[in-house]
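Reading the structure
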Number of protein chains: 2
Amino acid sequence: NSELVTLTYGALVAQMVKDLDNVDDVSKQLERLGYNMGIRLIEDYLAKTSTGRCHDLKDTADKIQSAFRMYLGVQPNVANWSAAGDEFSFILDTNPLTELVELPDDLKALKYCNIICGVIRGALEMVQMDVQSWIVQDQLKGDSNTEIRVKFIRRLEDAIPAGED
Amino acid sequence: NSELVTLTYGALVAQMVKDLDNVDDVSKQLERLGYNMGIRLIEDYLAKTSTGRCHDLKDTADKIQSAFRMYLGVQPNVANWSAAGDEFSFILDTNPLTELVELPDDLKALKYCNIICGVIRGALEMVQMDVQSWIVQDQLKGDSNTEIRVKFIRRLEDAIPAGED
């Protein structure tokens, strides 16, 4: 059930807006919070799905798609692949995080869902993938859906303890 | 899945601790946040369960028990009824909200789970029941389980629009 997440997240954002003067700082901090959640959520995801190593970025996209379903109860479409195959988007028709949310005029610049970008970045870093993630379209800004972009940067070195493998 | 709730709630509490000097103020504000969530969660609960009016407090306790299962993924025991039948407790052996949480010494007085008390109070108020709710035992304080007490205060007047019944 994602209703509790929606409400708790709304309370969190409201609290941060109250504390930080700058909307951009709130957006940044939401991404950072997401990153910190991602590096913990990945463990839970791997344990629950017994999933193996990703073959390629397409495979990675599919697995993140299933994580959306597990944790937010929605399945976004994977779309808008770059020609080079190193970038893609998640398209959400409905976004539990923003259900019933309306941004007042002075918060129009807030990247309300930046936590999702952070979660993706943090979770992937834990499986040796360095990515960037950002919001391209946003239903809170009047777009018809929410689009979250993911760009593969590089594979990180495995840190295998000496004596293992 | 409650993992995301755990992490989001942890971030929320951390944020509030950072902002408010006083631990008691954080506890109070968590209860108030819970109250605000409860008055919205009840709608979701009623819609999803198609549940009817509660016959008595025993019935109310059972329904809140099922709400715990729906939203937090745990089923607490209902126990410790008062002789007058107007008070009871939820006993949680495991509490998703506190999983992996440890309170530092300067926060030992924090009622970390006060949001749950607030949710119960807010949700019940929306179905015309005025209750008090507070934490009796707390695993975060070294108790063997978490006990949340609920005390029935009074039934609120139904506000039925004229012409309806």
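Residues numbered from 1 in each chain as written. Chains lettered and ligands numbered in written order. Predicted model: local features only at pLDDT ≥ 70, side-chain atom pairs only at ≥ 80, totals over all residues. Heavy atoms only, no water.

Taking an unreviewed UniProt entry as the reference, chain A is identified by name as Trafficking protein particle complex subunit belonging to Oryctes borbonicus. Annotation of chain A in UniProt includes, under Sequence similarities (unreviewed entry), the sentence "Belongs to the TRAPP small subunits family. BET3 subfamily." (UniProt positions renumbered as here; feature names shortened; annotations may be inferred.)

At the interface, 24 residues of chain B touch 24 residues of chain A. Between chain B and chain A lies a buried interface of about 2400 Å² when both sides are counted; carbon and sulfur atoms form 66% of it. Linking chain B to chain A there are zero salt bridges. Between the two partners, chain B and chain A, sit four residue pairs in polar contact (both at pLDDT 80 or more). At the level of secondary structure, the elements contributing two or more residues to the side of chain B that touches chain A comprise α1 (3-19), α2 (23-49) and α3 (57-72) of chain B. A total of twelve residues in the side of chain B that touches chain A trace back to one element, the largest contributor, which is α1 of chain B. Looking at the side of chain B that touches chain A, its residues break down into 14 nonpolar, four polar and six charged. (Contact = heavy atoms within 4.5 Å. Buried area = accessible area lost by both parts, 1.4 Å probe. Salt bridge = Lys/Arg side-chain N within 4 Å of Asp/Glu carboxyl O. Polar contact = N/O pair within 3.5 Å; in protein donor to acceptor, adjacent residues only side chain to side chain. Helix = DSSP H or I, 4+ residues; strand = E, 2+ residues; numbered from the N terminus. Nonpolar A, V, L, I, M, F, W, Y, C, P; charged D, E, K, R; others polar.)

With that settled, the discussion passes to the state of the cysteines. All names here are of chain A. Under the counting rule described, the total for this entry stands at zero disulfides over all chains. Between C117, a cysteine without a disulfide, and C113, which holds the nearest cysteine sulfur, the sulfur-to-sulfur distance is 8.2 Å. C117 gets classed as buried once you look at its relative accessible area, which sits at 0%. (Disulfide = S-S within 2.5 Å. Buried < 20%, exposed > 50% of the residue type's maximum accessible area, 1.4 Å probe, protein only.)

Turning next to the sheet that holds strand β2 (residues 87-92) of chain B. All names here are of chain B. The sheet built from four strands is open, its strands ordered β1-β2-β4-β3 with antiparallel pairing. The sheet is open, and its two borders are formed by β1 (77-79) and β3 (129-137), each paired with just one other strand. Neighbour to neighbour, the strand axes of the sheet diverge by 25° on average, direction disregarded. As defined by bridge partners, β1 adjoins β2 across three bridges and the pair is classed as antiparallel. Following the sheet pairing, N77 is matched in β2 by I91. This element, α3, spans β1, β2, β3 and β4 (146-155) of the sheet and lies at about 20° to β2. (Pairing = 2+ DSSP bridges. Axes fitted to C-alpha atoms, helices over the stretch in contact; angles between N-to-C directions.)

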